[in-house]
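A structural walkthrough
If you want the building blocks of each chain, they are given just below.
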Amino acid sequence: MKTNEDMIQGARAPHPIFYWGMTVGVILFFAALVWAILSLPPAAPGLFRQVSDRMPESGVESMVTGVLLNFRAYDTLLEIAVLLVAVLGLGAIRLGSREPLPEAFTAGPVLMEFLRFLTPVMVLLAGYLLWVGSKYPGGAFQAGAVLGAATILLQIAGNIRAGDIPLWLEKTVLISGVFVFAGIGAACMFFNDRFLHYPQEYAKGLILIIEAAATVSIGATLMVLFAGRSLADPHDAESEEGEHR
Amino acid sequence: MTASLWYALIGAGLVTLGLHSLTLTPHVLRKVIALNIMGNGVFLMLISLARRLPDATNPAPDPVPQAMVLTGVVVAISSTALALALLRRYYEASGRTHLPEDDALWGIEEEPPGRFAVMPDGEDDDDH
């Protein structure tokens, strides 16, 4: 309770009945969860058989990738759409904001030199994860996360600043994941039978194309989400660089 | 008790801790962190319960929950970023770090205006 009082000026402790009632309720909730977990059968294959029986149709060898990009492709498509919506929402929230953005970061020489070495390795690792995802654990999300982490490191070091990226490029990359995915899905509807139902012989290639677009898109999304604004918008950097020069 | 059950119980513990913090702290940033901890608990439960293998003949765990968690992680990251942007904007607009609904419960009368709530004109001409 002390910590809350410290954090908020003028805050008092809630009514003790509420506090202890909630605490007891939460403990009961935990007990129910533990009971639910312990009462599960100790061994359950889940949907392992169903997935492994249909794996030859999926075009990939990794079961998780097969589920993500083929059997449950709708989920993945909408999830990439969620990423795009988050970026759009971020832009909408910042509209009319008067809050000054944090100063541009500058890195020390050690971090700079380390990044010079690390960034190509991370890009390579992202490419590897993307490629290996069809056979072993890996895929678009892991690769996109590595790519996003690389962009975040570069932002922290001050190597990517607002205004560095042309607006058309940022927009194209951000939407490419959803559009490539949905476009291939729609093409499947015309040339095959249903939305996102890949023809079996092209499945692997199509999945790789979708994953490649999704990887770049996810990386760019994480970059923008970390920055908290569009990196193509130079107005903050301009005013700052104007002072330096 | 197998290792996977143990991890599932830890996941349940994380969900509980997050729920406690979510309901019993008025600060919005803490609520966002609590939601994240709850989400991670759910992911841990899903992943570990998918590892309850019937026998040695199928050594791979159920792939469907893994794919769901992979999806969930990315959605969680983007929703957290959106929530953080939202609460920063909320703080800027209102100068408050908690929701009005919590006022009566916590006996919060008035908070001082936030750092950016009242900006002198002219200092931010080049802003939007």
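Just so it is clear, the structure is predicted and the values come from calculations on it, not from any experiment.

1. A look at the pattern of salt bridges
Residues and elements named next belong to chain A. Per the stated rule, a full pass over the model turns up five salt bridges over all chains. With a shortest N-O distance of 3.3 Å, Arg 116 and Glu 113 are connected by a salt bridge. With Arg 116 and Glu 113 both in helix α6 (residues 109-132) and three residues apart, the pair spans about one turn of that helix. Ionic pairing is found between Arg 194 and Asp 193, a salt bridge with its closest N-O pair at 3.7 Å.

2. Points about a nonpolar patch on the surface
All names here are of chain B. A contiguous nonpolar surface patch, about 420 Å² in accessible area, is contributed by Leu 17, Leu 29, Ile 33, Ile 37 and Leu 84. Of the residues forming the nonpolar patch, the biggest block, three residues, is contributed by helix α2 (residues 28-49). As for its position among the elements, Leu 29 is in helix α2.

3. Description of the confidence of the model for chain A
If pLDDT is low for a region, its predicted coordinates should not be looked at in detail. Scored by pLDDT, chain A has a mean of 84; 88% of the residues are at 70 or more. Every residue in residues 1-10 of chain A is under pLDDT 50, and counting partners more than four places away or in other chains gives 27 contacts.

4. Examining the packing of aromatic side chains
Residue and element names in this part refer to chain A. Under the definition given, this model contains two aromatic pairs over all chains. Geometrically, the ring pair formed by Tyr 19 and Trp 20 is edge-to-face, given 5.1 Å between the ring centres and 90° between the ring planes. The interplanar angle of 50° and the centroid separation of 5.5 Å between the aromatic rings of Tyr 74 and Phe 195 together place this pair among those described as tilted. Within this pair, whereas Tyr 74 is found in helix α5 (residues 73-94), its partner Phe 195 is found in the loop between α8 (167-191) and α9 (203-227), the two being separated by 121 residues in sequence. Residue classification places Phe 195 among the partly exposed positions, given a relative accessible area of 25%.

5. A closer look at helix α2 (residues 16-38) of chain A
End to end, α2(A) covers 33 Å across 23 residues, agreeing with the expected 33 Å (1.5 Å per residue, within 8%). Buried residues of α2(A): Tyr19(A), Thr23(A), Val26(A), Leu33(A), Val34(A) and Ile37(A), and no others.

Scoring rules and cut-offs
- Residues numbered from 1 in each chain as written.
- Chains lettered and ligands numbered in written order.
- Predicted model: local features only at pLDDT ≥ 70, side-chain atom pairs only at ≥ 80, totals over all residues.
- Heavy atoms only, no water.
- Salt bridge = Lys/Arg side-chain N within 4 Å of Asp/Glu carboxyl O.
- Helix = DSSP H or I, 4+ residues; strand = E, 2+ residues; numbered from the N terminus.
- Patch = residues over 30% accessible without salt bridge, like charges linked within 9 Å, V, L, I, M, F, W, Y side chains within 5 Å.
- Areas by Shrake-Rupley, 256 points an atom, 1.4 Å probe, with all protein chains shown as cover.
- pLDDT = per-residue confidence, 0-100.
- Contact = heavy atoms within 4.5 Å.
- Phe/Tyr/Trp six-rings, centres within 6.5 Å; stacked < 30°, edge-to-face > 60°.
- Buried < 20%, exposed > 50% of the residue type's maximum accessible area, 1.4 Å probe, protein only.
- Expected span 1.5 Å × (residues − 1).

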